[in-house]
Amino acid sequence: MTVDSYAIGQRIKKLRKENKMTQQQLADRLGVSLNHVSKIEPGMKVPSVDLFLTLSEIFNVSLDFLITGKER
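No experiment lies behind these values; they were computed from the predicted model shown.

Moving on: the nonpolar core. In this structure, Ile-12, Leu-26, Leu-30, Leu-55, Phe-59 and Leu-66 are the most contacted members of the largest nonpolar core, which totals 17 residues. Contributing elements (two or more residues each) for this core: α1 (5–18), α2 (23–30), α3 (34–40), α4 (49–59) and α5 (63–68). In terms of residue count, the dominant contributor to this core is α4 (five residues). In this structure, Leu-66 is in contact with Ile-8, Arg-11, Ile-12, Leu-15, Phe-52, Leu-55, Ser-56 and Val-61, ignoring residues within four places of it in sequence.

What follows is the structure in structure tokens.
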């Protein structure tokens, strides 16, 4: 299985917008730079395991959903 960094970024972007957050607000919650978030959303970077865990907590979604898009 290959990781689709673009799809992951788009899911994160959709969740961010659904939660009415700016990229800066998400970056602040994650403890990363705005530049880092702005590279994750178009798939230029893949979040680290630590960021995936924090994103899962912030948006109250499973890691499986963040990575594959599948809901259980």
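What follows continues from the structure just given.
The residue Lys-20 is not glycine, and still its phi comes out positive at about 55°. Inspection of the secondary structure assignment puts Lys-20 in the loop between α1 and α2. With a phi close to 55°, Asn-60 is a non-glycine residue in the positive phi region. The residue Asn-60 is located in the loop between α4 and α5 in this model.

Another aspect to go through is the pattern of salt bridges. A side chain of one charge can pair with a side chain of the opposite charge if their charged atoms are brought near each other. Taken as a whole, this structure holds two salt bridges when the rule is applied. The partner of Glu-18 in a salt bridge is Lys-14, and the shortest N-O contact between them spans 3.2 Å. You can see Glu-18 and its partner Lys-14 sitting in helix α1, four residues apart, about one turn around the helix. Taking the shortest distance from any N to any O, the salt bridge between Arg-16 and Glu-41 comes out at 2.5 Å. Within this pair, whereas Arg-16 is found in helix α1, its partner Glu-41 is found in the loop between α3 and α4, the two being separated by 25 residues in sequence.

About the thresholds
- Residues numbered from 1 in each chain as written.
- Predicted model: local features only at pLDDT ≥ 70, side-chain atom pairs only at ≥ 80, totals over all residues.
- Heavy atoms only, no water.
- Core = buried A, V, L, I, M, F, W, Y, C linked by side-chain atoms within 4.5 Å.
- Buried < 20%, exposed > 50% of the residue type's maximum accessible area, 1.4 Å probe, protein only.
- Helix = DSSP H or I, 4+ residues; strand = E, 2+ residues; numbered from the N terminus.
- Contact = heavy atoms within 4.5 Å.
- Salt bridge = Lys/Arg side-chain N within 4 Å of Asp/Glu carboxyl O.

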